[in-house]
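The residues making up each chain are set out below.
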Amino acid sequence: MSEASSRKTLEERHQMSDLERLRHSCAHVLATAILRIWPEAQLAGGPPVENGFYYDIDLEHRITPEDFERIEAEMKKEVKSNNRFEKQIVSREEAIELSKSGRLGALAEREVESTFKLDLIDSIPEGEELSIFKNGEFWDLCAGPHVGRTGNCKAFKVMSVASAFYKGDAANPQLQRVYGTCFPNKTQLNEHLERLEEAKKRDHRKLGRELGLFAIDEAVGQGLILWKPKGALVRRSLQDFITGELDRQGYSQVFTPHIGKLDLYRTSGHFPYYQESQYAPIAERDQLEKLADEDASCGELMSGLDAGTIDGFLLKPMNCPHHIKIFASDHHSYRDLPVRLAEFGTVYRWEQSGELGGMTRVRGFTQDDAHIFCTPDQLLDEVEGCLELVKIVLKTLGMDQDYRVRLSLRDPDSDKYVGDPANWDKAEDALRQAVKTLGVNYTEEEGEAAFYGPKIDFVVKDIIGRDWQLGTVQVDYNLPERFDLSYVGSDNEKHRPVMVHRAPFGSLERFTGLLIEHFEGKFPTWLAPEQVRILPISDRFTEHAQALAERLSNGGARVKVDVSSDKVGAKIRLARLDRVPYMLVLGEREVENGEVSVRHRDLDDLGCRPVDEFIDAFFEEIQERRIKPVQNGESA
RNA sequence: GCCGCUUUAGCUCAGUUGGUAGAGCAACUCACUUGUAAUGAGUAGGUCGCCAGUUCGAAUCUGGCAAGCGGCUCCA
């Protein structure tokens, strides 16, 4: 929940950091300015958020970026007035009275009542202290805290305007949310703005196009990723890496089809209850023809599919049912467990069109999925093993500093969860115990669990600060029940196995997208689609270059020779734009001495080295999946 | 799905009050044979997102749709 701040209790609000306090005050300055321009605006709430603040307003006029200048000018006036933020404790009755006269969230009394403020008062528990804050003629219902004076908000900027539902509920009216940011001084503000500019350059959508990693084509479909040859090489390297780890941890790799019968998903509970987030079912040909003969409507077709009177298939929204069927195809003794089935499984989900974007939110994606079937006694070990794997993955990619861990629990008040509450408790306890062994901070979040079980999620931020769930480890007592899975225990009786769902990358699409941003396209050598480029000085050295390329290529390197008639400078420039880790300049000197002139995209000219020496160090770097280049002995 | 913005060459962008399009880079060709971030000259490239409408005439005005972007909601 990125908007958790809006749900903070009064108590927590009082614990705002200095920066949050400043930004919260700046939100009031923003509100003051907006009311001066549009006195009829109805204000909802204006909390600080990560990197800034916003204020939600209801206003007929559509605020556009062209209005920002005017708004900022009015804000500057308010800052210049240097009004004091004055707190006044009021009784509930007084607050209601002020709202009714339109005095709250306003510059003066007005005909219309302050509807959102009234509603907010209503949602504040009886007995809690109510306060209003005043700066100049602007009064607002607000728990505070604030900085001393509006003059403190010196370095601010109105950033954007978007829309948001009141209180985050789609049933409520849609408000205009004006985002801004504020810093203690101009220098810090400018640094922040520069960081944002820099961040845009790392955006995986931009780099993905520039580096030829992936494409999305309207004609193929929204949210469907086309992995171009270079992106596919990155993906293959990732898959090879994870496959090696799976082999080490005793997983068995399997392959399953992309579709399954509707009945399979009726059993799992996915159909028809999650229908709105699935591609429409594929009805069987014979039945479609029969229905067409009968002039049946689409509605009749759909209800038949729902009811099970018409057969059909579903593009798989997840791999679990297929893996379950593999498990169920054999008899199992407790001695066989755990069974660990892994697959790079492609799934399809009908995500809302407005949510799609780049590689991070797509409609078809490949999970590095696996399902572990184990005895209850083995559960903790298995979960810990999964966490270990996630750690290895993130560490190898240098992302071990950049993630947070979320223990996602069920919301006890919701009925969307299936299964026995006692099992839920067991599963949640097991995960809580396991997550503690990770040795990293984690947060427990209610209501974030999957419908069939709790999970541990690994969450990473993208370059513009949005949270994305990557790896996940989930405990599930429910599906084994639904599919009536069993194994024979040492007592020669049937027992129910426990399932663990886990995907250390989450999806290859999302993970690659974040990886592009993480490395700014400069993948470590082992991941780079092109690992080394040979730059002959002139075409007299083309043959030598090709011989060297062949040697490298025979060793498994992804190598190219730049045979263009460009000068070395230009060749270097192009290689660097392509983020190729190593450039080998080859001319008279090198050929005579059996050397190469090594240049690294980050370390620049490393000088001449014997060919063999370079090759050894180069392959060592790849083999060990180093993130940082081997500085093969500072320039010789 | 909802609100808002955007859509002109492969990419980044110009395009005056409506008169059927332009630059830089990339691509291609030729010349140059090069020593660590851009050698020069030339050629080609566009149903101005799509579909309607207004108009003698639409990249430009109007409507619808689609896709992209920013949020929101959702995310098994």
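Coordinates for the structure precede this section.
Residues numbered from 1 in each chain as written. Chains lettered and ligands numbered in written order. Predicted model: local features only at pLDDT ≥ 70, side-chain atom pairs only at ≥ 80, totals over all residues. Heavy atoms only, no water.

Caption draft 1: Region of interest: the pattern of salt bridges. Taken as a whole, this structure holds 48 salt bridges when the rule is applied. A salt bridge links Arg 432 to Glu 444; the shortest N-O distance between them is 2.7 Å. Remark: Glu 444 occurs in strand β18 (residues 442-446) and Arg 432 occurs in helix α14 (residues 421-436); sequence separation between them is 12 residues. (Salt bridge = Lys/Arg side-chain N within 4 Å of Asp/Glu carboxyl O. Helix = DSSP H or I, 4+ residues; strand = E, 2+ residues; numbered from the N terminus.)

Caption draft 2: Region of interest: the nonpolar core. Among the nonpolar cores identified, the biggest contains 82 residues, and Val 383, Leu 397, Ile 456, Phe 511, Leu 552 and Phe 614 are the most heavily contacted of them. For this core, the element with the highest residue contribution is helix α13 (residues 379-396), accounting for eight residues. With residues near it in sequence (within four places) discarded, Val 383 still touches Leu 431, Ala 434, Ile 456, Val 473, Val 475 and Val 500. One finds Leu 30, Ile 34, Tyr 55 and Val 178 within the second-largest nonpolar core, a separate group that totals 33 residues. (Core = buried A, V, L, I, M, F, W, Y, C linked by side-chain atoms within 4.5 Å. Buried < 20%, exposed > 50% of the residue type's maximum accessible area, 1.4 Å probe, protein only. Contact = heavy atoms within 4.5 Å.)

Caption draft 3: How the structure looks around the environment of Arg 361. By secondary structure assignment, the location of Arg 361 is in the loop between β15 (339-348) and β16 (364-374). Of the residues examined, Arg 361 reaches a relative accessible area of 22% and is grouped as partly exposed. For Arg 361 and Glu 509, which are 148 residues apart along the polypeptide, the C-alpha to C-alpha distance reads 8.4 Å. Ignoring anything within four residues of it in the chain, the contact list for Arg 361 reads Glu 351, Glu 355, Leu 356, Trp 468 and Arg 510. At 3.5 Å, the side chain of Arg 361 and the side chain of Glu 355 are in polar contact. (Polar contact = N/O pair within 3.5 Å; in protein donor to acceptor, adjacent residues only side chain to side chain.)

Caption draft 4: The sheet that holds strand β26 (residues 582-586), seen in detail. Sheet architecture is open: five strands sit in the order β25-β24-β26-β27-β28, paired in mixed fashion. A single partner strand is all that each edge strand has here, and the edge strands are β25 (559-561) and β28 (604-610). Strand-to-strand twist across the sheet, computed as the mean angle between neighbouring axes with direction ignored, equals 25 degrees. In the sheet, strand β27 (residues 595-600) pairs with β28 via six bridges, with the strands oriented antiparallel. Bridge pairing in β28 links Ser 597 to Cys 608. Along the sheet, helix α18 (residues 568-577) makes contact with β24 (532-536), β26, β27 and β28, crossing β24 at roughly 170 degrees. (Pairing = 2+ DSSP bridges. Axes fitted to C-alpha atoms, helices over the stretch in contact; angles between N-to-C directions.)

Caption draft 5: Broad picture of a negative patch on the surface. Side chains of Asp 286, Glu 289, Asp 293, Glu 294, Asp 295 and Glu 300 sit close together on the surface and give a patch of like negative charge. No other element matches helix α10 (residues 285-293), which puts three residues into the negative patch. Of note, Asp 286 is situated in helix α10. Its relative accessible area of 59% is what places Asp 286 among the exposed residues. (Patch = residues over 30% accessible without salt bridge, like charges linked within 9 Å, V, L, I, M, F, W, Y side chains within 5 Å. Areas by Shrake-Rupley, 256 points an atom, 1.4 Å probe, with all protein chains shown as cover. Lys, Arg positive; Asp, Glu negative; His and termini not counted. Charge placed at Lys NZ, Arg CZ, Asp CG, Glu CD.)

Caption draft 6: Structural detail: the packing of helix α8 (residues 229-248) against helix α16 (residues 508-519). At their nearest, the axes of α8 and α16 sit 11 Å apart, and the two run at 110 degrees to each other. Taken as axis vectors, α8 and α16 run roughly perpendicular relative to one another. Of the two elements, α8 crosses α16, and the hand of that crossing is right-handed. Residue-level contacts link Val 234, Arg 235, Leu 238 and Gln 239 of α8 to Leu 508, Glu 509, Phe 511, Thr 512 and Leu 515 of α16. (Parallel < 35°, antiparallel > 145°, perpendicular 65-115°, else oblique. Left-handed = near helix turned anticlockwise from the far one by under 90°.)

Geometry only, nothing functional implied.
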